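Examining the three-dimensional arrangement
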Amino acid sequence: MSKDDRQKPEEQIREYKRRIADLEKQISETQKMADVPSAVTSAPELEHTLGRLVKKIAMILQAEKCVFMLHDPESGELVARKPALGLIDDQIKLLRVRATQGISGETFREGKPFIVNDAASDDRTVKENVVILGIKNLLTVPLVMEKRDEQERVVEKKTIGVLHVFNKRFGASFSEEDVRLLSILARQAAAVIANAQLYIEITEEKQRLEATLKSILSGIVVVGVNGRISILNDAAQALLGMDQVRSIGKPYQEVIYHDNIRTLIETALSERREITEEIEIVTPLARVLQTQTAMVLNDDKEAIGVVAIFNDITEIRNVDRMKTAFVSTVSHELRTPLTSIKGFISTLISDKDGFFDGTARMEFYQIIDQECDRLTRLISDLLNVSRIESGRALEINWKQIDARDIIAKVISAQKSYTDKHQFEIHVPDDFPRIMADQDKFDQILTNLLSNAVKYSPRGGTISVKGEAVDGFVQFHIIDQGIGIPADKLTKVFERFERIDNRDTREAGGTGIGLYLVKHLVEAHGGSIWVDSEIGQGSNFTFKMPVEPPQDLLDRQG
Ligand code: ADP
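Computed from a predicted structure; not experimentally measured. (Residues numbered from 1 in each chain as written. Predicted model: local features only at pLDDT ≥ 70, side-chain atom pairs only at ≥ 80, totals over all residues. Heavy atoms only, no water.)

**Overview of the site of the ligand**
Asn451, Tyr455, Arg498, Thr510 and Leu514 are the nearest of the 21 residues found near the ligand. In the environment of the ligand, an oxygen atom lies 2.8 Å from a nitrogen or oxygen atom belonging to the backbone of Leu514. Protein coverage of the free-state accessible area of the ligand, which is 530 Å², stands at 98%. At the level of elements, helix H15 (438-454), helix H17 (513-523) and strand S18 (537-545) are the ones that each hand at least two residues to the shell around the ligand. Examining the composition of the shell around the ligand, we find that three residues originate from one element, H15, more than from any other. Among the residues forming the shell around the ligand, the class breakdown is nine nonpolar, eight polar and four charged. (Near = heavy atom within 4 Å. Polar contact = N/O pair within 3.5 Å; in protein donor to acceptor, adjacent residues only side chain to side chain. Areas by Shrake-Rupley, 256 points an atom, 1.4 Å probe, with all protein chains shown as cover. Helix = DSSP H or I, 4+ residues; strand = E, 2+ residues; numbered from the N terminus. Nonpolar A, V, L, I, M, F, W, Y, C, P; charged D, E, K, R; others polar.)

Encoded structure:
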């Protein structure tokens, strides 16, 4: 018969109450002694807290060494974790066992504490570790993490590792009292580790998410159901012209000043539906945004906000518009010479009676010849554009060429198209021969000169200047024509780009000439730019090396 059986029930209850009070006191004293903070929120803070904890544990338990081993579900191992007491870093690194192995494994699996009084002879210990770590005796308890509900009831229990103390001081052995103490401390430690790990994981995940959001090119705005902005990435800030610092946490109606975007968010929030639409905003330039909204739901599938994604498709829309215009201008440009060729040939065929004399016929043949050249040039330009568009390099047929010679030929060809313009050539006699593609050089000059003619509808002088400086040759094609507005000086080199006014509409064109010229000059290792004044004229300058760099010669030889 045990002592309890002999006691009266009320005595028994009193005895239990006393024991419980003792235990509670012990727990609170142990916690106080261990000085464990309730929440650790960063990796260094966790390191620091665990460092203090192992020291306190060793002191309370009168042990020489103390170390945590955490379970790694991926490798299935229990791995010692810094900081430990009485172990050097190399020993900590070596200390890892499979969760099926030794005392550590058994404690972890069974969830029960173990005392080993003679580690060297006990057959459950891993002898290698006993020797390396100099273990004489030990006490090991599981690290159990408990999740509690509001009423402090345990709702989930999870073993996350084990806690060891080695070598009781003064030649003593670990006792049942030590087991109780260490179990209380282990519970505290497990809570700190689990909370901190969760917190660190969440923080890292948040940081990863923030970095991703930052680097995404689409603008992202998240508005809570309370109407306040919770996320606004860099791209959204730039696209919508918003200030990130001042906008987060503010009602979206106050900080988004584009009416149509406010309406979009309002509709998405109130109607709780996904919306996809194109929106035009002015910031201060007109931009077209492809927008999409989606509801943000919590784990219980309740709407907690709306996310709006913005993509700037202004350029795509512009190119679409330009392409449409391009197709109609190309058709027009192809039809014009064809109409003229067809007209003259029909006239010649039907002139059975020889109404037109030899001179007139020769003139017709020349026009037909020129119009055929125009068609060939246009088709070759189109083929080259498609070559550039598909990312293929323009093939350059490198040769030593005489630029003066080609300039003279191109000018004489241009002369035949106009009687309103005078041409001047200023190229010094000692102008160097250059390494270039003869046909491409011809194409560059022809394009620039035909533009000079086309965009000087009232005539005037067109001069071509050539100069050689420091291993480069530089050419200027100067006209006295309509000029180019300052904001279009770089734009004119983009594909399909045409300045829209009465003069240019009359001149006709496809908007690919300068785009090609720029690529052709660059394929020669050169560059091109234009200076111009409206109503005064334009000066197109291109510069190329006399000897192109070896990599260009190798690439396109
Ligand atoms: P296009 O077929 O329209 O001539 P280009 O690419 O050759 O195409 O030229 C692009 C635009 O640049 C032209 O539509 C015209 O508005 C402008 N431009 C080109 N050359 C001149 C020039 N010499 N003077 C004035 N404007 C020019």
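The discussion continues.
**Brief notes about the sheet that holds S18**
The strand order across the open sheet formed by five strands is S13-S15-S16-S18-S17, and the pairing between neighbours is mixed. In this open sheet, the two edge strands, each paired with only one partner strand, are strand S13 (421-426) and strand S17 (527-533). Averaged over all pairs of adjacent strands, the angle between their axes in this sheet comes to 15°, without regard to strand direction. Here seven bridges tie S17 to S18, and the two strands are oriented antiparallel to one another. Note on S18: the bridge partner recorded for Ser532 is Ser538. Sitting on the sheet, helix H14 (residues 403-415) touches S13, strand S15 (460-469) and strand S16 (472-478), and the angle it makes with S13 is about 175°. Strand contacts of H15: S13, S15, S16, S17 and S18, with the helix running at about 170° to S18, the strand carrying the most contacts. (Pairing = 2+ DSSP bridges. Axes fitted to C-alpha atoms, helices over the stretch in contact; angles between N-to-C directions. Contact = heavy atoms within 4.5 Å.)

**A word on the packing of aromatic side chains**
Any aromatic ring pair is given by two values, namely how distant the centres are and how the planes are angled relative to each other. Applying the stated criterion across every chain yields a total of eight aromatic pairs. Where Phe344 meets Phe364, the ring centres are 4.8 Å apart and the plane angle is 50°; that geometry is what we call tilted. With a gap of 20 residues between them, Phe344 in helix H12 (residues 314-350) and Phe364 in helix H13 (residues 358-389) connect regions that are remote in the sequence. Given a relative accessible area of 22%, Phe344 falls into the partly exposed group. Relative accessible area serves as the criterion here: at 11%, Phe364 is assigned to the buried category. Ring centres of Phe441 and Phe475 lie 5.4 Å apart, and the angle between their planes is 65°; this geometry places the pair in the edge-to-face category. Of this pair, Phe441 sits in helix H15 while Phe475 is found in strand S16, placing the two residues 34 residues apart along the sequence. For the pair Phe441 and Phe475, one class covers both residues: buried. One aromatic cluster is present, formed by Phe344, Phe355, Phe356 and Phe364 through successive ring pairs. Directly above the aromatic system of Phe472 lies the positively charged group of Lys543, at a separation of 4.8 Å from the ring centroid. (Phe/Tyr/Trp six-rings, centres within 6.5 Å; stacked < 30°, edge-to-face > 60°. Buried < 20%, exposed > 50% of the residue type's maximum accessible area, 1.4 Å probe, protein only. Lys NZ or Arg CZ within 6 Å of the ring centre and 35° of its normal.)

**Points about H13**
For H13, with 32 residues, the first-to-last C-alpha span of 46 Å sits near the 46 Å given by 1.5 Å per residue. Residues of H13 that are buried: Phe364, Ile368, Gln370, Glu371, Leu375, Leu378, Asp381, Asn384, Val385 and Ile388. For H13, the secondary structure elements touched by its buried residues are H12, H15 and H17. Immediately downstream of H13, the backbone of Gly391 shows phi near 80°, a positive value. (Expected span 1.5 Å × (residues − 1).)

**Some details on the domain arrangement of the protein**
When its domains are assigned, the protein resolves into domain 1 (35-211), domain 2 (218-312), domain 3 (317-387) and domain 4 (399-556). On a C-alpha basis, the centres of domain 1 and domain 3 stand 88 Å from each other. (Domains from an automatic or database assignment.)

**Remarks on unusual backbone geometry**
Pro83 follows Lys82 through a cis peptide bond whose omega is -5°. Positionally, Pro83 belongs in strand S2 (residues 77-85). Within the chain, Gln62 stands out as a residue other than glycine whose phi angle is a positive 55°. Within the secondary structure, Gln62 is located in the loop between helix H3 (43-61) and strand S1 (63-72). Relative accessible area serves as the criterion here: at 33%, Gln62 is assigned to the partly exposed category.

**Some remarks on the nonpolar core**
With 46 residues, the main nonpolar core has Ile434, Phe441, Leu448 and Phe542 as its most contacted residues. Considering each element in turn, this core owes the most residues, seven residues, to H15. Of the domains in this structure, domain 3 (317-387) and domain 4 (399-556) are the two that each give at least three residues to this core. Ignoring sequence-local partners within four residues, the contact set of Ile434 consists of Lys399, Gln400, Ile401, Ala403, Phe441, Val473, Met544 and Val546. Core analysis: the next-biggest nonpolar cluster, separate from the first, contains 32 residues, Leu53, Ile60, Leu139 and Ile160 among them. (Core = buried A, V, L, I, M, F, W, Y, C linked by side-chain atoms within 4.5 Å.)

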